[in-house]
Each structure stands twice: as structure tokens, then as C-alpha cells.
Amino acid sequence: MTVGGIVRESLALLRRHAGRVYALALAVTLVNTVPDVLRQLLVYRDPSLAHALLVDAVGFTTGLIAQLWLTGALTDLPGTGRVRPGGALGRGTATALRAVRTSPAAVLAGVVLGGAVSALLTLPASVAALGLERVIGPLDAPSAGALTVAAVSDVVASAVTLPFLAVVLVLTAGSTRHAAGKGSS
């Protein structure tokens, strides 16, 4: 399957199963928001760029875990339409690794497209609330309202984009098996 085909099939699959998939993505995002907000509070009044980068590394790690878990939970979606939460982190990790080996271009397309949508959803609100210098660098004690606006925009962006990359990974990892299955018939 081509990269464009995987992207189109991912969007079609998300449309068919939107309610279940986005509800699960919202739940995963809300669970991930707890450490996300806590990590920001750790450097709330700390203007250190080194600490801000460390906090971002923690955020990347928790976000990656959320992405892998959701990917694992959605591995059966193309075939059965079911969501399978049990053992999802291990399945998601294996699926992501298989997808990267199968088609790095498709995975990169999923990351870039999901990242672009995420940026469109979160950057305008975060820049308006926090200011560009705080979005790029240390938070330097923003108001509670500004921090809340930025956190809510992050939740929205994650809940919208995590499922897209998860389905891209699932379809990419499975595309070799589907092609092999078609060839053996």
C-alpha cells in the first residue's frame, strides 16, 4: 500500500469508528494530562532553560507511552472494528516497530500530518495565552488562566491527533501481512 493509500485508509477507518476511537483517545489523553500538568508545575517559577528541556523530555516520554498504548488498543480495529485495551502497550510497541521497518515513509507522513494538525490546534491558543517566548522557552510563572488555556489546547490536540498516528501505524504494520495474504491466495 502506498503512503497516500495508508493516509486515506486511516482517515476512512477513523470516520467509520470515530465515536469509539475518539472516546478512547480522550480517556488516554486525560490520563496523560495528569503527569503533563504536574511536570509543568515543577518548573512553574523556574526560568531555567535546562529544567524546561528536562520537563519537555518527560512530556515527550509520557506522550510516547500514550501513543503506543493507543496504537496497541487499536490493532484489531481494521479487521474486527474492536478496541482491545488489555496488553495494549506491548502490542503498540511491537506494532510501531514493525511499522517503522515496513514503511518509514508512511510513519513519517503520519507523524508530520498529525504534528501539523496538532500545531494548528494548540499553537494559536498557547501563544495567545502564554506569549511566544513562554511557548518556546521556560514558562516563567504564567497566570493560572494562561496555563489552563495551554493545557486544554494540548488536550484537544492530543485527543484529535493520537488516533490518526495510531491507525497509520496499525495499517502500516499490517500492510505487509495483508499483501502477503493476498499473494498466497
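Residues numbered from 1 in each chain as written. Predicted model: local features only at pLDDT ≥ 70, side-chain atom pairs only at ≥ 80, totals over all residues. Heavy atoms only, no water.

## Some remarks on the UniProt feature "transmembrane region" (unreviewed entry) in the protein chain
Residues annotated in UniProt with the feature "transmembrane region" (unreviewed entry) correspond here to residues 21–38, 50–74, 105–132 and 144–172. With 96% helix and 0% strand, residues 50–74 has end C-alpha atoms that lie 36 Å from one another. A distance of 31 Å separates the end C-alpha atoms of residues 105–132, which is 96% helix and 0% strand. (UniProt positions renumbered as here; feature names shortened; annotations may be inferred. Helix = DSSP H or I, 4+ residues; strand = E, 2+ residues; numbered from the N terminus.)

## A few points about the confidence of the model for the protein chain
Summary statistics for the protein chain give a mean pLDDT of 85 and a share of 88% for residues scoring 70 or more. Taking the mean pLDDT of every element in the protein chain, the minimum, 74, falls on helix 7 (residues 132–136) and the maximum, 96, on helix 5 (residues 88–102). Low pLDDT, under 50, characterises residues 178–185; the stretch is placed with zero contacts to residues that sit more than four places away or in other chains. (pLDDT = per-residue confidence, 0-100. Contact = heavy atoms within 4.5 Å.)

## Structural notes on the environment of Ala25
On the secondary structure map, Ala25 appears in helix 2 (residues 18–42). For the pair Ala25 and Leu162, spaced 137 residues apart in sequence, the C-alpha separation works out to 6.7 Å. Not counting chain neighbours up to four residues away, the residues in contact with Ala25 comprise Leu70, Ala159 and Pro163.

## Observations regarding the pattern of salt bridges
Summed over the entire model, instances satisfying the criterion amount to one salt bridge. For Asp76, the salt bridge is made with Arg84, and the minimal N-O distance between the two is 2.9 Å. Judged by relative accessible area, which is 37%, Arg84 ranks as partly exposed. (Salt bridge = Lys/Arg side-chain N within 4 Å of Asp/Glu carboxyl O. Buried < 20%, exposed > 50% of the residue type's maximum accessible area, 1.4 Å probe, protein only.)

## Side note on a nonpolar patch on the surface
A contiguous nonpolar surface patch, about 350 Å² in accessible area, is contributed by Val117, Leu121, Val152, Val156 and Val160. Looking at the nonpolar patch, the elements that each hand over two or more residues are helix 6 (104–130) and helix 8 (144–183). Per element, the largest residue contribution to the nonpolar patch is three residues, and it comes from helix 8. Inspection of the secondary structure assignment puts Val117 in helix 6. With relative accessibility at 37%, the residue Val117 sits in the partly exposed group. (Patch = residues over 30% accessible without salt bridge, like charges linked within 9 Å, V, L, I, M, F, W, Y side chains within 5 Å. Areas by Shrake-Rupley, 256 points an atom, 1.4 Å probe, with all protein chains shown as cover.)

## Some points on the nonpolar core
In terms of nonpolar packing, the biggest core is built from 21 residues, with Leu70, Leu74, Leu77 and Val167 touching the most fellow members. Here this core gets six residues from one element, more than from any other, and that element is helix 8. If we ignore the near neighbours within four places in the chain, the residues touching Leu77 are Leu13, His17, Arg20, Val21, Arg82 and Val167. (Core = buried A, V, L, I, M, F, W, Y, C linked by side-chain atoms within 4.5 Å.)

## A look at the side chain of Ser153
Along the polypeptide, Ser153 turns up in helix 8. Residue Ser153 is classed as buried on the basis of its relative accessible area of 6%. The contacts of Ser153, once residues within four sequence positions are left out, are Leu121, Thr122, Ala125 and Ser126.

## Remarks on helix 5
The end-to-end C-alpha distance of helix 5 is 20 Å, a good match for the 21 Å that 15 residues give at a rise of 1.5 Å each. Those residues of helix 5 that sit buried are Ala88, Arg91, Gly92, Thr95, Ala96 and Ala99. Along the axis of helix 5, the buried positions cluster into a sector of 130°, meaning they face one direction only. Exposed and facing more than 90 degrees away from the buried side of helix 5 are Gly90, Leu97 and Arg101. (Expected span 1.5 Å × (residues − 1). Arc of directions from axis to C-beta.)

## Overview of helix 1 (residues 3–16)
For an α-helix, 3.6 residues make a turn, and residues three or four places apart therefore share a direction. Along its 14 residues, helix 1 runs 20 Å from first to last C-alpha, staying within 8% of the 20 Å computed at 1.5 Å per residue. Buried residues of helix 1: Gly5, Ile6, Val7, Ser10, Leu13 and Leu14, and no others.

## A closer look at the packing of helix 3 (residues 49–73) against helix 5
The packing of two helices is summarised by the inter-axis angle and the distance between the axes. Direction vectors running N to C along helix 3 and helix 5 enclose 95°, while the axes themselves pass 6 Å from each other. Relative to helix 5, the element helix 3 is oriented roughly perpendicular. Each of Ile65, Leu68, Trp69, Thr71, Gly72 and Ala73 in helix 3 lies in contact with helix 5, whose residues at this interface are Ala88, Leu89, Arg91, Gly92, Thr93, Thr95 and Ala96. (Axes fitted to C-alpha atoms, helices over the stretch in contact; angles between N-to-C directions. Parallel < 35°, antiparallel > 145°, perpendicular 65-115°, else oblique.)

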